[in-house]
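Chain by chain, the residues:
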Amino acid sequence: MQTENVIEIRNLSKVYRDFWGRRKVQALKSLSLDVKKGEVFGLLGPNGSGKTTTLKLLLGLLFPSDGEIRVLGKPAADVDKNERIGYLPEESYLYRFLNAEETLEFYGRLFKMPAEERRKRADELIKQVGLDHARRRQLKEYSKGMTRRIGLAQALINDPDLVMLDEPTSGLDPIGTREMKDMIIRLKEQGKTVVMCSHLLADVQDVCDRIAILYAGELKVMGRVDELLSEQDETQLLTSRLNDEALAEVRQVLERHNAKMLKVGHPTASLEDLFLRTVDESRARPGRRFMPGEDGAAGTPAPAPAATPES
Amino acid sequence: MNRLSSRNRKVVYLVGMIVLLVPIIVLGMPAASGEGSGGYLARLRQEHDLGETSLGEVDPSSATMNLVLLGLRGVATNILWMQLQEQKETKQWFQMKATTDSITQLQPHFLKVWQYHGWNLAFNVSAEWDQVEDRYYWVKEGTKFTMQGSRRNERFPELYWDVGNMLGKKIGRSDEWQFFRRFYKSDPNTKLFEGGPDPEISRFGASEFEDNYLASKYWFHVANDKEESQAQHIMMRMVFRQYPARAQMDYADALQREGLFGERTGQAWAEAYRDWTEQYRTGDPGFGQEIFYTPAGGVRLEASEADMRELAKKDSVSLRDKRTWTSRYQDIVSYRYWRTRSDAESRGKTEAAHREIFEGQKLFREGRLLESKEMLEAGMEKFASLLEDYPSLTSDDGFIEEGLMAVLYWRHIHTLLEIPFPENFALRKLWEKEAARIPSLEIDFRRDNGIG
Amino acid sequence: MNFNPLPYPIGQAVIFWLILFGSVTGIVLAIALFTSLVARGLKGPAAVLGQVRDFAVDMIRLSPRRVFALSSLTFKEAIRRKALLIFVVFALLFMFGGWFLSGTGERPDEQARVYISFVLRVIGWLTLPVVLLLSCWGIPEDIRARSLHTVVTKPARRNEIFLGRFLGFSAVGSIIVVIMGVVGYFWIVRQTPSDLVARVPRYGDLAFLDREGNPGRGVNVGDMWEFRSYVEGATRARGLWRFKDVYPGDNPDEGLVLESRFEAFRTHKGDMERGLLCELSFFNPETELRVRHRPFQVKEFSQNEIKIDRKLSMYDEETNTTKEVDLFDDLITDGTLYVEARAIDPGQYLGMARPDLFIRMANRPFYVGYAKAVFGIWMMAILVVALGVTASCFVKGPVATLLTLTFLIIGQGFREFMDRMVFQNLNNVLAGGGPVESWIRLIRHMNPQVPMEPGVSTSIIQFVDARMFDLLWIVQHIVPDFRHFRMAPYIANGFDVNFESAIVPGLAVMFGYLLPCLLLGYFSLKLRELEAK
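Just so we're clear, the structure is a prediction, and the values are computed from it rather than from any experiment.

Caption draft 1: Just the overall build of chain A, in detail. Counting its regular elements, chain A contains 9 helices and 10 strands. A total of 311 residues make up chain A; the buried ones form 48% of that total. When the accessible surface of chain A is summed, it comes to about 15900 Å², and 49% of that surface belongs to carbon and sulfur atoms.

Written out as structure tokens, the structure reads:
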């Protein structure tokens, strides 16, 4: 189960060219990564780092300049794979003149599913995303949050095995964000694979099993979120609240073992730190794969599936 | 404000549209045929004689078309002209008429266009058709078209004159004149007009329009009225102004050509004489009483020596100059000839001469030779004395040919009856003087009577 | 435009289409294989063939359900974008249309012609811009708004997207055409006082005998229009018609009704009170039997109906008796009827062209002909939709609109000119040379008859002109002939719309373009990245 790859990307490059075929931007440079079945995978990166490009290459909306992609064991350009894929675009690019019911009806018809089931699922999804009160209103009258929700509903209409979410929480209020994250976790619980890209780090940290950080079209960091964020040189004790005496005693014990108490408080290590460090490092030393362990911390990120050539 | 639902708002819009349409229809509907019809604006326009910058009647459809075309009127007109040319080449006459209408809708105040198309319909298209009834239909189309143009351009005399010319010359003088004149009084489209005239060109059969030439006279009159405030550009002013009187003469002449003699013809000629020299029945001064300006000042064609002297004094030019210019102007329109002619024709003797010669010829064709001979002799007698009374008529082609033809008939009767041709006869002087014309007239005579 | 419906050689057309389509496809494929081989080595041709295979697979696995979903989406989109507001314009035109159409009250048939042409023109002019704009902006707008992303990431195939768009816009066009057609019908019927029918003509072939009686042509009496040939009266000149498939109708006692529309030309006044006389005679070349029919007066530019009884009497000169002849049994063999037309008046001429004499079959109701004419407009709208959707698959909205509009204008307005130019060029009868040469002649005030002085520059000019004509030839073969959809002349002239010479070519043109459009649209969508730039 762990070994089954839902997505395999090998040496993927993408060059945008202008009308005359001249090279304009290299959006992706030799990207290789795998996404395993049942995991929530996050693609991170600043604007223009290539994460949306990667997603669109996976969906066949863009064609790779070089390299290979297999999604659900099929090439990205294959239409049949779409039967098992759900996609939520960055902004919900839906048909604004349709209402919620018509939207789900329309997208549902594009899949091979009986009419009965289609109607049932549409009804369920509308309720699930909390649009029951607005099901007959045209999408152009929807608020941003409502549009995201109907977008998610259309992505799930076919009960997909693989869900791709482009900035799923952008534009949502805290409650909406929470609901979206719960939904993603629920999808994972249902055994679905989720690939999302985002720059809202807290969200990624909360839901993703593994992440990849891209910068300027290059893969900089990849690994399990818990591993990437754990500081191996430090030990964190979590106790119930201690009074001052007890604290002093603990300090003594530590001194005896030649250790120092660095900080007393609540753990705050976050993905944000990692992200910012990665970006800073990439700016300082372009072209190098960033190793979180290098600057003192001896973290070993999960090895990349294929050797990524340095620079 | 926003309490209305989307549907209700749409209903309000719809109602608003309908409400706005009502005044458009009430105000803007164009007049159909006849007075007092059409929308309020159309009626007002009729009432107050108003038009597009007072040039003439405005057709709302024409104005709309120009509005819709924005600035592309010129392009559209060019395309229509090309289309017209093609339709003409491929003989699609009705479509061509429709194109013509469209062109004039786009350019309602372009006189030349009206003139050109009116002429084209009445003369060219008409001639393309084989049956006389069809030809007459197209003459009418051309005339009606020009009438329409005159209404759109009320201030200008040209198109009125054109209508007069079509009603007069085209109907009364073309090859088919005998048919056309009959059709004018009783339209060949009996289904529509029930044997009566076409009301559009004969003003519903009003008595002043009972004959095409009288109708023509009316239109020439109107043209003259317009001409007093707006100069025309067709011909010399004096020539232009003679037409109402000339139409009256044509009318009288046509009656004669058709063999209608008697009081009516005489009266027609008498009226022609009055129109020419004294005064129209409408009270307007007759043609001869009008003053025309020459390098020697104003001249009046009907002028005695005393009148000329007075005018010369007024304009301070010499009497000789005045006389020369008067005479020159008289020559241009053959003033003296028409004066004499209408005077002579209005006399009972002339009428009798014409009638007897005409009757005599008719009797000949019926084979009643002896009666014909007698009738012709009586006619020739009166004809000879007529020529003596009005010597200037001896240089008139119509009179010369009428006299010679009478002699030819008379001579042929002698041949047929095998009696000698007398040495002396009433028109001998004319016969000898105009001997050169005889051979060609003889051909006509033989052809008309089927003599090999 | 002369009204001369010729039968359409559908067999030839299909073969020609197959050749053209096959060779163009072949050339494109060959170029693709070659360039891909050069660019990417052996992998290239494999990819090209893979695309071809994909097309086949996509066509086989085409799902009507998805096409229906996409087309109903398209339909809803058009309706909600207020495409049907066009009916307001339509209603206004009809409410006030009567004001603009001046009446030639004396000729009800001509009035009907004006109304019919008006209605059909309005339907065409209102429908075409709407479907053109809709179809040219649909897909580009979809790409721009990226709503297409949510569709192509579902299992919707590119051909399904193309077909869905095409069918959806076609449905919009159909609704507009049908509603306008029905309203227009009642409008015509209400405006026109006389009863309208669709006459059904059966045309034959025409040959001429000259004044000596030898096969040849008639005379040109000076018309620029060479449509009619003139036959001189009281000579041996004849117009000879051959009609095929003439059989007795339902009522065996009935003969035939012929209709003629000859033109008269007089060289002298003649008898003005009657029209020129024309005599028809029927003869059977097998039995040498010849029956002269009673002469009739030619009434120009209108319908001259001639009733031919089944039993005809003829005077037999040999026996000096009158005998009776049966039209169908004695004069017609194998359904073929020969009719001779001659002018009787000496020195006068009758002008004849093929459609000037025909057999009148039983009339059809007016709405039949009218419906067919509206069908013609419909086919045109469908073709415009196909072209528009195709263009919108590879260029953006404004460009697609211009492109389709250009096709429409060239295919309708410049077709005749283009055909003439190409014909003259191929037959070396083009006066004044090609565009560059003509231009130089214009500037230098050179007569088109004067040859260009030989030299390098002339060779260059002629070479460029020749390539221009090649280009024109290509355009002529690519741009659809929209004239085939013009059925208005039929019913405006009071005829039924002929199936073989009007409906068949219309259908042929429409279907002839659908497959190439589908191919082009499919590959344009498939081979381009749908990311808006």
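Caption draft 2: Just the interface of chain A and chain C, in detail. At the junction of the two partners, chain A supplies 28 residues and chain C supplies 32 residues. For the pair chain A and chain C, the two sides together bury roughly 3000 Å², of which 60% comes from carbon and sulfur. Applying the counting criterion to the chain A and chain C interface returns 5 salt bridges. Among the ionic pairs, Arg80 of chain C bridges to Glu102 of chain A, the shortest N-O distance being 3.1 Å. The interface formed by chain A and chain C holds 14 residue pairs in polar contact (both at pLDDT 80 or more) in total.

Caption draft 3: Here's a closer look at the pairing of strand β1 (residues 197–203) of chain C. Residues and elements named next belong to chain C. Within β1, 5 of the 7 residues are buried, which leaves the element mostly enclosed by the surrounding structure. Here β1 runs beside strand β16 (residues 357–365); their pairing, made up of 6 bridges, is antiparallel. Among the inter-strand pairings, Val197 is bridged to a residue of β16, identified as Pro365.

Caption draft 4: Highlighting unusual backbone geometry. Unusually for a residue other than glycine, Lys91 of chain B sits at a positive phi of about 60°. The buried category is assigned to Lys91 of chain B, whose relative accessible area is 8%. One non-glycine residue, Asp334 of chain C, lies in positive phi territory at about 50°.

Caption draft 5: The environment of Glu232 of chain C, seen in detail. All names here are of chain C. Structurally, Glu232 can be placed in strand β4 (residues 229–232). The class of Glu232 is buried, set by a relative accessible area of 13%. Distance in space between the C-alpha atoms of Glu232 and Arg342 is 7.9 Å, their sequence separation being 110 residues. Polar side-chain contacts of Glu232 include one of 3.1 Å to the side chain of Arg211.

Caption draft 6: Highlighting the domain arrangement of chain B. By domain assignment, chain B separates into domain 1 (81–234), domain 2 (290–332) and domain 3 (348–449). Of note, the centres of domain 1 of chain B and domain 2 of chain B, computed from C-alpha atoms alone, are 38 Å apart.

Caption draft 7: Structural context of the arrangement of the chains. Contacts are most numerous between chains A and C, taken over all 2 pairs of chains that touch. The two units chain A and chain B remain apart, with a minimum C-alpha distance of 13 Å.

Caption draft 8: Up close: helix α16 (residues 305–315) of chain B. Residues and elements named next belong to chain B. Every buried residue of α16 is listed here: Met308, Leu311 and Ala312. For α16, the buried positions fall inside an angular range of 100° around the axis, keeping them on one side. Of the exposed residues in α16, the ones pointing more than 90 degrees away from its buried face are Glu310, Lys313 and Lys314. Its buried side turned inward, α16 meets β1 (291–294), β2 (297–300) and α17 (319–332).

Caption draft 9: Molecular detail of the sheet that holds strand β3 (residues 40–44) of chain A. Residue and element names in this part refer to chain A. Taken together, 6 strands build an open sheet; the order of strands is β6-β7-β8-β3-β9-β10 and the sheet is mixed. Only two strands of the sheet have a single partner each, and these edge strands are β6 (85–88) and β10 (218–224). Recorded for the sheet is a direction-independent mean angle of 15° between the axes of neighbouring strands. On the sheet, helix α1 (residues 51–59) packs against β3, β6, β7 (162–166), β8 (193–198) and β9 (210–215) and is oriented at approximately 145° with respect to β7. Contacts between helix α4 (residues 144–155) and the sheet are confined to β6 and β7, with β6 contributing the most and set at about 165° to the helix.

Caption draft 10: Inspection of the confidence of the model for chain A at higher detail. Mean pLDDT over chain A: 79, with 83% of residues reaching 70 or higher. Note that residues 294–311 of chain A has pLDDT below 50 and, in this model, 29 contacts with residues that lie over four places away or in other chains.

Caption draft 11: A look at the interface of chain B and chain C. With 35 residues of chain B in contact, the opposing surface of chain C contributes 32 residues. Both faces combined, the contact of chain B with chain C buries some 2900 Å², and carbon together with sulfur accounts for 59% of it. A salt bridge links Asp134 of chain B to Lys299 of chain C; the nearest nitrogen and oxygen atoms lie 3.3 Å apart. One can count 8 residue pairs in polar contact (both at pLDDT 80 or more) joining chain B with chain C. Those elements that provide at least two residues to the side of chain B that touches chain C are α1 (6–28), α3 (60–68), α4 (73–89), α5 (93–106), α7 (132–152) and α10 (190–193) of chain B. The greatest single-element share of the side of chain B that touches chain C, amounting to 6 residues, is contributed by α7 of chain B. Its residues placed into classes, the side of chain B that touches chain C shows 14 nonpolar, 8 polar and 13 charged.

The rules behind the values
- Here the residue numbering is sequential within each chain, running from 1 through the sequence in written order.
- As a convention, the first chain written is A and the first ligand written is 1, with the rest following in written order.
- The predicted nature of this model means local features are confined to residues of pLDDT at least 70 and side-chain atom pairs, given and counted, to a pLDDT of 80 or more, with totals for whole chains, interfaces and linings taken over all residues.
- The side-chain values count all of the structure's non-hydrogen atoms but skip hydrogen atoms and water molecules.
- Going along the chain from the N terminus, every DSSP run of H or I of four or more residues is numbered as a helix, and every run of E of two or more is numbered as a strand.
- With a 1.4 Å probe rolled over the protein chains alone, any residue whose accessible area is under 20% of its type maximum counts as buried; one over 50% counts as exposed, and the rest are partly exposed.
- Every accessible area reported is derived by Shrake-Rupley at a probe size of 1.4 Å, with residue values counting cover from the shown protein chains alone.
- Every residue pair with non-hydrogen atoms within 4.5 Å of one another is taken to be in contact.
- We define buried area as the total accessible area lost by two parts upon association, computed with a 1.4 Å probe and summed across both.
- Criterion for a salt bridge: a side-chain nitrogen of Lys or Arg within 4 Å of a carboxyl oxygen of Asp or Glu.
- Polar contact is the term for a pair of N or O atoms within 3.5 Å; when the atoms are in protein, one must be able to donate a hydrogen and the other to accept it, and sequence-neighboring residues count only if both atoms are side-chain atoms.
- What makes two strands pair is DSSP finding at least two bridges between them.
- Boundaries between domains were set according to an automatic or database domain assignment.
- Working definition: the arc comes from the directions between the helix axis and the C-beta atoms, pointing outward to the latter.
- Lines fitted to the C-alpha atoms define the axes, with helices restricted to the stretch that makes contact. Angles between their N-to-C directions range from 0 to 180 degrees.
- A residue's pLDDT is simply how confident the predictor is in it, with values from 0 to 100.
- Residues are grouped as follows: Ala, Val, Leu, Ile, Met, Phe, Trp, Tyr, Cys and Pro are nonpolar; Asp, Glu, Lys and Arg are charged; all remaining types, including Gly, are polar.

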